[in-house]
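# A structural walkthrough
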Amino acid sequence: MKINDLATLGRFILSPECKSVVILTGAGISVASGIPDFRSPGGMYETLRPELITATEKQRRLMEINPTSVVSTEMFFQTAFPYLEVRRPFILGVRDKIWKPTIAHYFARLLHDNTGKLTRVYTQNIDGLTNAVGLPDDKIVSVHGTISKVACENCGQGMDFDSFCNEVETKIKDIYNPENGPRESQPIRCSSCGKATVKPKTVLFGSSLPADFFELSAQDLPAADLLMVVGTSLVVGPANSLVYSVPQSTIRVVINNEPVGEELGIEYGPEAERDYFAQGNCDDVFLDLINELGWNVDDIIDDLP
Ligand code: OAD
């Protein structure tokens, strides 16, 4: 079936031809919840302030040239402060549950409840909002890990999230609001190996993805009839490999503010055979799609931001 608009997409989802749907999400789906993405204007990389971070001049220069170094293995094993100082508000925000899922997160739940066709959500997001919509845990792969599980990056020793947050609050300076918390950052040490390498179990650039990403994607992708790509720039691999790992027959739908993944083979424009681009704010697009599907959002959503 050729998808031309949200009405045909809705019909395809409800048709017997569509048995398995895989969803790949990125930071764009949590922007409306209040969490900036990485690469848009105003996103984490553009707003990074290396001059505020506890680091050497050389490390700061590296962050200026390449902001992703803040979340890299190379930087983290030199010093944990850039990661912890930049992530401090995010870590404490997750603890305090200040962000709530929106319709873009809830769509997966509606799809699961109404059709049983949701095979998996692969989320690159570490904010836990996909886990907050009431889907069974085994429907979600946290491709880049999650903030709320903590371990030592050196020896793997786990740490309770609340205890870690207390350490972050009292030992890591708040670079954005210096009047909060300590004036200087102090190391957070692992109770097992003693190194200052304790952090949320998120994937750093230069380290490998969780095994379930490889195991489950190898199982899910060959059988996917529909791949929905939502709120991601598709510039980071191997998460972005999902778009070219599905069979030729799989319909691919991109729901995003801007076209993405052309270099990975996603086609735009009237000549696109199996790809459909729903441009716009993902919450608006999903609301329209949910209307086309005739589903009722009120039953499960009582607290949309
Ligand atoms: P990016 O910031 O790279 O891309 C977000 C995409 O979402 C962009 O294409 C935006 O235009 C789009 N977008 C933003 N708000 C939107 C909205 N409300 N509706 C629709 N589209 C919207 O974020 P990711 O692709 O998730 O990895 O980034 C991938 C990885 O790079 C992250 O997981 C992280 C980062 O470095 C690690 O830290 C390992």
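Residues numbered from 1 in each chain as written. Predicted model: local features only at pLDDT ≥ 70, side-chain atom pairs only at ≥ 80, totals over all residues.

## Overview of the site of the ligand
Here is the rule: Whether a residue is near a molecule or strand depends on its C-beta atom, placed from the backbone, lying within 6 Å of it. Each residue is assigned to one of three groups, with Ala, Val, Leu, Ile, Met, Phe, Trp, Tyr, Cys and Pro labelled nonpolar, Asp, Glu, Lys and Arg labelled charged, and all others, Gly among them, labelled polar.
Among the 27 residues in the neighbourhood of the ligand, the closest are listed as Gly26, Gly28, Asp37, Phe38 and Ser233. In terms of residue class, the shell around the ligand is made up of eleven nonpolar, 13 polar and three charged.

## Things to note about the environment of Asp220
Worth spelling out the cut-off: A run of DSSP states H or I qualifies as a helix once it reaches four residues; a run of E qualifies as a strand once it reaches two. Both are numbered from the N-terminal end. Any residue surrounded by 20 or more other C-beta atoms within 10 Å of its C-beta is treated as buried, while 12 or fewer makes it exposed and the intermediate range makes it partly exposed; C-beta atoms here are placed from the backbone.
Residue placement: Asp220 occurs in helix 7 (residues 211-220). Given 20 C-beta atoms within a 10 Å radius, Asp220 is considered buried. Taking the C-alpha atoms as reference points, Asp220 and Ile13, 207 residues apart in sequence, are found 17 Å from one another.

## Describing the sheet that holds strand 6 (residues 198-202)
The test is simple: For two strands to count as paired, DSSP must find a minimum of two bridges between them.
Judged by pairing direction, the sheet is antiparallel, and its three strands sit side by side in the order 5-4-6 without closing on themselves. The outermost strands of the open sheet, each flanked by one partner alone, are strand 5 (158-159) and strand 6.

## Digging into unusual backbone geometry
In this structure, Pro238 follows Gly237 across a cis peptide bond, with omega equal to 0°. Tracing the sequence through the fold places Pro238 in the loop between strand 7 (226-230) and helix 8 (242-245). Of note in this structure, Lys97 is not a glycine but carries a positive phi near 50°. Note that Lys97 resides in the loop between helix 4 (81-95) and helix 5 (103-115). In this structure, Leu234 is a non-glycine residue whose phi angle is positive, near 60°.

## Some thoughts on the nonpolar core
Spelled out, the test is: Any set of buried Ala, Val, Leu, Ile, Met, Phe, Trp, Tyr and Cys residues joined through C-beta atoms within 7 Å is what this text calls a nonpolar core. The contact criterion used here is simple: two residues whose C-beta atoms, placed from the backbone, lie within 7 Å are in contact.
Counting residues in each nonpolar core, the largest one holds 52 residues, and the members touching the most others are Phe107, Leu227, Met228, Val229 and Val253. In this structure, Val253 is in contact with Ile3, Leu9, Leu226, Met228, Val229, Tyr276 and Ala278, ignoring residues within four places of it in sequence. Core analysis: the second largest hydrophobic core is formed by 29 residues, Ala55, Val70, Phe164 and Cys165 among them.

## With respect to the domain arrangement of the protein
Put simply, the rule reads: Boundaries between domains were set according to an automatic or database domain assignment.
Annotation of the protein at the domain level lists domain 1 (6-34 + 100-144 + 209-293) and domain 2 (50-97 + 146-202). Centre-to-centre separation of domain 1 and domain 2, based on C-alpha positions: 30 Å. With five residues of domain 1 in contact, the opposing surface of domain 2 contributes five residues. When grouped by side-chain class, the residues that make up the side of domain 1 that touches domain 2 number one nonpolar, three polar and one charged.

## A closer look at the packing of helix 4 against helix 6 (residues 161-171)
Convention followed: Only the stretch in contact is used when a helix axis is fitted, and all axes are lines through C-alpha atoms; the angle between N-to-C directions ranges over 0 to 180 degrees. Put simply, angles under 35 degrees are roughly parallel, angles over 145 are roughly antiparallel, angles from 65 to 115 are roughly perpendicular, and the rest are oblique. Note on convention: the crossing is left-handed when the near helix lies turned anticlockwise from the far helix by less than a right angle, right-handed when the turn is clockwise.
Look at helix 4 against helix 6: their axes get within 10 Å of each other, and the N-to-C directions meet at 135°. Of the possible angle classes, the one that applies to helix 4 and helix 6 is oblique. For the crossing formed where helix 4 meets helix 6, the hand is left-handed. In this structure, helix 4 contributes Leu84, Arg88, Ile91, Leu92 and Arg95 to the contact, and helix 6 contributes Phe161, Asp162, Cys165, Val168 and Glu169.

## So, the sheet that holds strand 1 (residues 21-25)
Strand order in the open sheet made by the six strands is 3-2-1-7-8-9, with parallel pairing throughout. In this open sheet, the two edge strands, each paired with only one partner strand, are strand 3 (140-142) and strand 9 (275-279). Strand-to-strand twist of the sheet, defined as the mean angle between neighbouring strand axes without regard to direction, takes the value 15°. The strands touched by helix 5 are strand 1, strand 2 (118-123) and strand 7; relative to strand 2, the strand with the most contacts, the crossing angle is about 160°.

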